[in-house]
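Below are the chains, spelled out letter by letter.
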Amino acid sequence: MKRNDLKQSLLTGLVTLGLGAQLTSLPTLAQAGQPPQAEAAVIYNTVTIEGQEIFYREAGQADAPVVLLLHGFPTSSQQYRNLIPELAEDYRVIAPDYPGFGASAMPDRAAFEYSFATYAALMDGFTDALALDSYSLYVMDYGAPVGYRLALKEPEAVESLIIQNGNAYEEGLLEFWDVFGSYWADGGAETREPLRDFLNVAATEWQYTHGVPESHAHRVSPDAWMLDQAYLDRPGNQEIQLDLFYDYRTNVDLYPEFQAYFRAHQPPTLIVWGKNDHIFPAEGAAPYLRDLPEAELHMIDAGHFILESHGPEVAGLIREFLDREIKD
């Protein structure tokens, strides 16, 4: 049995064991007088791009406007697990995992180049494979340079941008990035090793909880950072992440090109930014308005992962924005 078939069999079995008895005693949607809403169900699939299995989540009608969600570090498409159903009634929502993240393939470093250029090329192939001729891009953290590289390649495909704590300006690289700058300067073991501290469970939890106001702390699920950590703890994954830390310098080199894209194409843009984020601080949000003066900017009293603490509020802003700018 192929791996994907085995996965599906296991999932089907778990659903049957867990829900079968309850479902037999409940009326169907048709019996209850409600039409089925299968198009809003989230499905999980893989597609092979350049020899790599890319896992993705998807929901919504096939002919609806597309929203492509690109995840950050150290997470995966699971960061959008709650947002996808919020948008799926009116949009086709798709969230892939990059190689080395989530449920996508994790090829050996000796046989695969872990870089942002590689990820952008794979996402380009991904949009081709799924026949996504146009889409709105939600970019966050690592998703920003991946998405902006994709936009540079196919600017006409990007209908709008939703930017959430994803940097494209040097004003947004403050003290957190000093240790990365040292690593970028020489790429040696002496500057590489200190960054390993960003890959342990305490650091992963900190990314989710730092900057979250007390009023919203109870909304942040520990399942999120524990799942991320489980993927980070796979044998060989730390070295992959350290390689990507080093390659991030290539994104900074491209900041002027990203900014030129904004100025030239002026995509409708919504910026939702956790103003207490220490990784991509508030100083990185306002510069977007220099190049995208019509952008809608919301500074939210939140940290790095605002969908964890302010998911319903952000989903509402996104729906209003897309309904105004994209929806027919």
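Calculation criteria
- Residues numbered from 1 in each chain as written.
- Predicted model: local features only at pLDDT ≥ 70, side-chain atom pairs only at ≥ 80, totals over all residues.
- Heavy atoms only, no water.
- Helix = DSSP H or I, 4+ residues; strand = E, 2+ residues; numbered from the N terminus.
- Buried < 20%, exposed > 50% of the residue type's maximum accessible area, 1.4 Å probe, protein only.
- Pairing = 2+ DSSP bridges.
- Right-handed = clockwise from strand over helix to strand, strands pointing away.
- Phe/Tyr/Trp six-rings, centres within 6.5 Å; stacked < 30°, edge-to-face > 60°.

Turning our attention to unusual backbone geometry. Between Phe73 and Pro74 the backbone carries a cis peptide bond, its omega angle lying at 0°. Mapped onto the elements of the fold, Pro74 is located in the loop between β3 (66-70) and α2 (83-87). Phi is positive for Asp141, close to 55°, though the residue is something other than glycine. As for its placement among the helices and strands, Asp141 is situated in the loop between β5 (135-140) and α4 (143-153). Residue class for Asp141 comes out buried when judged on its relative accessible area of 3%. Positive phi, normally seen in glycine, also occurs at Asn165, with a value near 45°.

Attention now moves to the pairing of strand β4 (residues 92-96). Every regular strand shows the same layout, with side chains that alternate between the two sheet faces. Counting buried residues in β4 gives 5 out of 5 residues, a clear majority hidden from the surface. Examined bridge by bridge, strand β2 (residues 52-59) and β4 share 4 bridges and lie antiparallel to one another. Within β4, the residue paired with Ala59 across the bridge is Val93. For β3 and β4, the ladder comprises 3 bridges, and the chain directions are parallel. Note on β4: the bridge partner recorded for Val67 is Val93.

β5 sits mainly inside the fold: 6 of its 6 residues count as buried. Neither face of β5 is left uncovered, since the one carrying Tyr135, Leu137 and Val139 and the one carrying Ser136, Tyr138 and Met140 both have all their residues buried. As paired strands, β3 and β5 are joined by 4 bridges and run parallel to one another. What sits directly across from Leu68, in β5, is Leu137. Note: β5 against strand β6 (residues 158-164), 6 bridges, orientation parallel. Note on β6: the bridge partner recorded for Val139 is Ile163. Traced from β5 through α4 to β6, the parallel crossover comes out right-handed.

Moving on, we get to the packing of aromatic side chains. A full pass over the atoms with the stated rule returns 35 aromatic pairs. Ring plane angle 75° and centroid distance 6.4 Å describe the contact between Phe116 and Tyr119, whose orientation is recorded as edge-to-face. With Phe116 and Tyr119 both in helix α3 (residues 116-129), this residue pair falls 3 residues apart, about one helical turn. Aromatic side chains Tyr208 and Phe305 sit 4.1 Å apart centroid to centroid with 10° between the ring planes, which places their arrangement in the stacked category. With a gap of 97 residues between them, Tyr208 in helix α7 (residues 201-209) and Phe305 in the loop between β8 (296-300) and α12 (306-325) connect regions that are remote in the sequence. Accessibility classification places Tyr208 together with Phe305 in one group, the buried group.

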